[in-house]
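Letter by letter, the chains look like this.
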Amino acid sequence: MNNKLTVAVVFGGQSSEHDVSCMSGLTIMKALDREKYDVVLVGITKEGRWLLADSMDDVESGVWRNSKVQAILSPDEQDHGLILSEDGRSWKQRVDVIFPVLHGMYGEDGTIQGLFELAKIPYVGCGVLASSVSMDKWYTKIIVDDLNIRQAKYVPINHIEMRNIDGCVEKVEVALPYPVFVKPSKAGSSVGVNKAVNREELTAALKEAIKHDIHILVEEAIVGREIECAVLGGYAPEASDVGEVLSAEDFYTFDAKYNNQESKTDLHPVFPEGKMEEVRKDAVQIFKALDGFGCARVDFFMEKDTNEVVFNEINTMPGFTSISMYPMLWNEKGLDNGALVDKMIQLAFERYVR
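Keep in mind the model is a prediction, meaning the values are calculated, not measured. (Residues numbered from 1 in each chain as written. Predicted model: local features only at pLDDT ≥ 70, side-chain atom pairs only at ≥ 80, totals over all residues. Heavy atoms only, no water.)

### What to know about the side chain of Thr 203
Thinking step 1. If you trace the backbone, Thr 203 turns up in helix H7 (residues 199-209).
Thinking step 2. Once you skip the residues sitting within four places of it in the chain, Thr 203 turns out to touch Ile 165 and Val 169. (Helix = DSSP H or I, 4+ residues; strand = E, 2+ residues; numbered from the N terminus. Contact = heavy atoms within 4.5 Å.)

### A look at the environment of Pro 122
Thinking step 1. Relative to the elements of secondary structure, Pro 122 occurs in the loop between helix H3 (111-119) and helix H4 (128-135).
Thinking step 2. For the pair Pro 122 and Pro 327, spaced 205 residues apart in sequence, the C-alpha separation works out to 22 Å.
Thinking step 3. Dropping the residues within four chain positions of it, Pro 122 is found in contact with Asp 96, Val 97, Ile 98, Ala 348, Phe 349 and Tyr 352.

### Observations regarding the environment of Pro 272
Thinking step 1. On the secondary structure map, Pro 272 appears in the loop between strand S14 (264-266) and helix H9 (275-289).
Thinking step 2. Exposure remark for Pro 272: the relative accessible area of 30% places this residue in the partly exposed category.
Thinking step 3. Between the alpha carbons of Pro 272 and Gly 338 there is a distance of 33 Å; along the sequence they are 66 residues apart.
Thinking step 4. Those residues in contact with Pro 272 that lie beyond four places of it in its chain are Met 302 and Asn 307. (Buried < 20%, exposed > 50% of the residue type's maximum accessible area, 1.4 Å probe, protein only.)

### A few points about the pairing of strand S6 (residues 89-94)
Side-chain positions along a regular strand alternate between the two faces of the sheet.
Thinking step 1. Strand direction decides the pairing type here: strand S5 (residues 81-86) and S6, joined by six bridges, are antiparallel. Note on S6: the bridge partner recorded for Leu 84 is Trp 91.
Thinking step 2. Counted between consecutive antiparallel strands, the loop separating S5 from S6 contains two residues, among which Asp 87 sits at a positive phi close to 50°. (Pairing = 2+ DSSP bridges.)

### What to know about the sheet that holds strand S8 (residues 154-158)
Thinking step 1. Strand order across the open sheet formed by four strands is S8-S11-S9-S10, with antiparallel pairing between neighbours. The sheet terminates laterally at S8 and strand S10 (194-196), the two strands that pair on one side only. Shown here is a sheet whose adjacent strand axes are inclined to one another by a mean of 25°, direction ignored.
Thinking step 2. Here strand S9 (residues 180-184) runs beside S10; their pairing, made up of three bridges, is antiparallel. When the sheet's bridge partners are listed, Val 180 is paired in S10 with Ala 196.
Thinking step 3. In the packing of helix H5 (residues 137-144) onto the sheet, contacts are made with S8, S9 and strand S11 (215-220), and the angle to S11 comes to roughly 55°.
Thinking step 4. Where H7 meets the sheet, it contacts S8, S9, S10 and S11, and its direction lies at approximately 15° from that of S9. (Axes fitted to C-alpha atoms, helices over the stretch in contact; angles between N-to-C directions.)

### A look at the state of the cysteines
Thinking step 1. If you walk through the whole model with that rule in mind, you get zero disulfides.
Thinking step 2. Summary of cysteine pairing: Cys 229 is not part of a disulfide, and the nearest cysteine sulfur, belonging to Cys 295, is at 13 Å.
Thinking step 3. Looking at the unpaired Cys 295, the closest cysteine sulfur is the one in Cys 126, lying at 6.1 Å. (Disulfide = S-S within 2.5 Å.)

### Some points on the packing of aromatic side chains
Both the distance between ring centres and the angle between the ring planes are used here to describe each pair of aromatic rings.
Thinking step 1. This structure, assessed with the given rule, holds six aromatic pairs.
Thinking step 2. Seen from their ring centres, Trp 138 and Tyr 139 are 5.8 Å apart, and the 20° between their planes marks the pair as stacked.
Thinking step 3. Given a relative accessible area of 14%, Trp 138 falls into the buried group.
Thinking step 4. One Lys or Arg, Arg 89, reaches over the ring of Trp 91 and ends 4.3 Å from the middle of that ring.
Thinking step 5. It is Arg 351 that lies over the ring of Tyr 123; its NZ or CZ is 4.3 Å from the centre. (Phe/Tyr/Trp six-rings, centres within 6.5 Å; stacked < 30°, edge-to-face > 60°. Lys NZ or Arg CZ within 6 Å of the ring centre and 35° of its normal.)

### As for unusual backbone geometry
Thinking step 1. Here the bond from Tyr 178 into Pro 179 is cis, since omega is 0°, no more than 30 degrees from zero.
Thinking step 2. Topologically, Pro 179 is positioned in the loop between helix H6 (165-175) and S9.
Thinking step 3. The phi dihedral of Lys 120 falls on the positive side, at around 60°, and the residue is not glycine.
Thinking step 4. With respect to the helices, strands and loops of the structure, Lys 120 is situated in the loop between H3 and H4.
Thinking step 5. With a phi close to 60°, Asn 307 is a non-glycine residue in the positive phi region.

What follows is the structure in structure tokens.
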């Protein structure tokens, strides 16, 4: 009798972080214990096609994108899984739990989590509310404003206001001194983020950011150390120790993170007394306030002159690549990748209420 759980690992996706999601997915596939799990691999192409991948080798090489087997998650809870089809023939694949290794839009923003809810299938990571609010930096800030945790001062701008870009520039200049950071509100991994030191650069940065989202966040520049904390758990979540990002560029852009080998991470940074505990406490408090469940990475700055901790953002499906801070921080706490993904799957069932 087969007592193994069938886990569907969903990777790729339609966001700008498609390739990183594939790399993260591969790490998780390798970590899953085949004595405990039957693993089904489902890749989503940049164009939005859902395809069955034959093997981890196909994922690593990218050959999965040529798969002839369509793999669509059925929203019908009686199906409780995938509808597979090839050459006019269709069949069903029951799934016990879904591991969505999807970063950015359409994976980390609550949309696909809503599909999982309709299908009544347990899934790893945060739910619809936490995913959607955490993906939107603007609304995250609104919630964190009530927690008495410092965050960068900010100016929100929407696409209607952008019809008068000079007015937007003036709005920012009244509220914030240069330099400022301009961010699409719902883009991940620093996509579309730029630093502006004058009006000309601010105008250009606003025009770039609006290509990625209808909402823009303009923030004061915080000069200091970039630090990250991993959170894991359900209604009583735990925080890891704190790691530091040593970016090779002016700030931790997408390219600095994934393409510049001079960027480093320090898993044992030295902080002033009490600061690590402050970060860990703030990370858990933010996670709970946003209705987090399962996992998240919470990012902060430590201001250069004052050592004051400043909240930056939260990622509800953190990276799982070989250079990703989230798994490395838990590895340092004694959870290897196999134990970590086991725990994440257990939490999916803990939250699930049929």
